[in-house]
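Take a look at the letters that make up each chain.
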Amino acid sequence: MCTSIAFSAPRKLFGRTLDLEYSFGQQVVITPRNHPLQFHRRSPMERHLAMIGMASVDQDTALYAEAMNEAGLYMAGLNFPGNACYTAPEQAAADAVAPYELIPLVLGSCETLAQAEKMLRGIDLLHRPFAPGYPVAPLHWHIAGGTGALVLEVMEDGAHLYPDPLGVLTNNPPFPYQQVNLSNYQALSAHPPKNTFAPELSLPVYGQGMGALGLPGDVSPMSRFVRAAFLKENALFPGDEMQDVTQFFHILDGVSMVRGSAITPEGKPDLTLYACCADADHGIYYYKTYENNQINGVHFTEERMEQEQLCCYPLENRQQVHWVN
């Protein structure tokens, strides 16, 4: 359960909520240019574009949930159970890529969305976990840059790469159906409604926001897709750096999950572990967590990009309160 949104213009802001019932050891991680990237079936990349994002780290490897590279290209993996389908090792191509390798491969190699599209078209994903005991996560991916956004879905009938003019992705069902479903909500508006129901009757507008009556409020993937698209299309950005980042987080707040509002089949509460915003124009990765809604930032500096070891920044999970005397 996650929601990813991407603004390509006038500001390049990319980010997501990550909704899960358990922590996966996440922290902000910079993979520098000189930290080798290893692949099962491809040659290592000894030097590559640096990237920053949220990841767990094992065996000196960053397992990214999402990241942005130094060229401003963003990529996020979102849960896609029941539809994601990967190739068995004995049938996979010689250059097939395991799902956890995909973000490092693309962000380590591609500076533009066009380059990423060329690399991803027809890609073969290998059904192989990172290590014994790890699951093979059923994912689809959101890719975005300064020229727009794409969605990659690898299903039983092959790899599908879709343009994403809205810059929004959630989970199931597949992306084409999510787009068609938006037609059910095309009459919604941020403005007061007009009485087309019975123009001869006096039907007063008794409160603000009535133009969006019918906007779904639950946390299911289809509803979050519609709500994120509505909020993204109508959100006003003042143009100030921090105000724009704050507005981005307000959009993500509109699709975040409150602990207890959704219970998994195993009886665990699904919640928004963190929300993030990657500011490609200023090279900053911002985040806030469920336990600490203060916005925290990590600078993507040249010095950090040129190191050899992973740069790891544990999350600030304790609530920060500014006490006023």
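Residues numbered from 1 in each chain as written. Predicted model: local features only at pLDDT ≥ 70, side-chain atom pairs only at ≥ 80, totals over all residues. Heavy atoms only, no water.

Right, let's get into helix 4 (residues 221-234). Taking 1.5 Å of rise per residue, the 14 residues of helix 4 would be expected to cover 20 Å, and the 20 Å separating its terminal C-alpha atoms lies within 8% of that figure. Summarising burial for helix 4: 10 of the 14 residues are buried, a large majority. Pro221, Ser223, Arg224, Phe225, Val226, Arg227, Ala228, Ala229, Phe230 and Lys232 are the residues of helix 4 that are buried. (Helix = DSSP H or I, 4+ residues; strand = E, 2+ residues; numbered from the N terminus. Expected span 1.5 Å × (residues − 1). Buried < 20%, exposed > 50% of the residue type's maximum accessible area, 1.4 Å probe, protein only.)

There is a patch of nonpolar side chains on the surface, built from Phe197, Leu201 and Leu203 and spanning about 360 Å² of accessible area. Considering the arrangement of structural elements, one finds Leu203 in the loop between helix 3 (175-181) and helix 4. (Patch = residues over 30% accessible without salt bridge, like charges linked within 9 Å, V, L, I, M, F, W, Y side chains within 5 Å. Areas by Shrake-Rupley, 256 points an atom, 1.4 Å probe, with all protein chains shown as cover. Salt bridge = Lys/Arg side-chain N within 4 Å of Asp/Glu carboxyl O.)

A sheet is described by the order of its strands in space; here 8 strands give the open sequence 9-8-7-6-5-4-3-14, paired in antiparallel fashion. Since the sheet does not close on itself, it has two edges, and those belong to strand 9 (158-163) and strand 14 (311-313), each with one partner. If you compare each strand with its neighbour and ignore which way they point, the axes differ by 30 degrees on average. Sheet topology note: the strand 3 (residues 27-31)/strand 14 ladder contains 3 bridges and is antiparallel. Each residue of the ladder has a partner; that of Val28, found in strand 14, is Tyr313. Where helix 1 (residues 99-109) meets the sheet, its contacts fall on strand 4 (51-58), strand 5 (61-69), strand 6 (74-79), strand 7 (139-145) and strand 8 (148-155), and the angle it forms with strand 5 comes to roughly 45 degrees. (Pairing = 2+ DSSP bridges. Axes fitted to C-alpha atoms, helices over the stretch in contact; angles between N-to-C directions. Contact = heavy atoms within 4.5 Å.)

Let's shift gears to the sheet that holds strand 10 (residues 168-169). Taken in spatial order, the 6 strands of this open sheet run 10-1-2-11-12-13, and their pairing is antiparallel. Two strands bound the open sheet, and with one partner strand each, they are strand 10 and strand 13 (296-299). Direction of pairing for strand 1 (residues 2-7) relative to strand 10: antiparallel, over a ladder of 2 bridges. When the bridges of strand 10 are listed, Ser4 appears paired with Leu169. Relative to strand 11 (residues 271-279), helix 5 (residues 241-253) is tilted by about 150 degrees, and along the sheet it contacts strand 1, strand 2 (13-20), strand 11 and strand 12 (284-289).

What follows concerns the nonpolar core. Among the nonpolar cores identified, the biggest contains 53 residues, and Ile5, Val28, Ile52, Tyr274 and Tyr285 are the most heavily contacted of them. Ranked by residue count, the leading element in this core is strand 11, at 7 residues. If near-sequence neighbours (up to four positions away) are discounted, Ile52 is found in contact with Val28, Val29, Ile30, Tyr64, Ala67, Met68, Tyr285, Val298 and Phe300. In this structure, Met51, Ala62, Met75 and Tyr86 belong to the second largest nonpolar core, which totals 32 residues. (Core = buried A, V, L, I, M, F, W, Y, C linked by side-chain atoms within 4.5 Å.)

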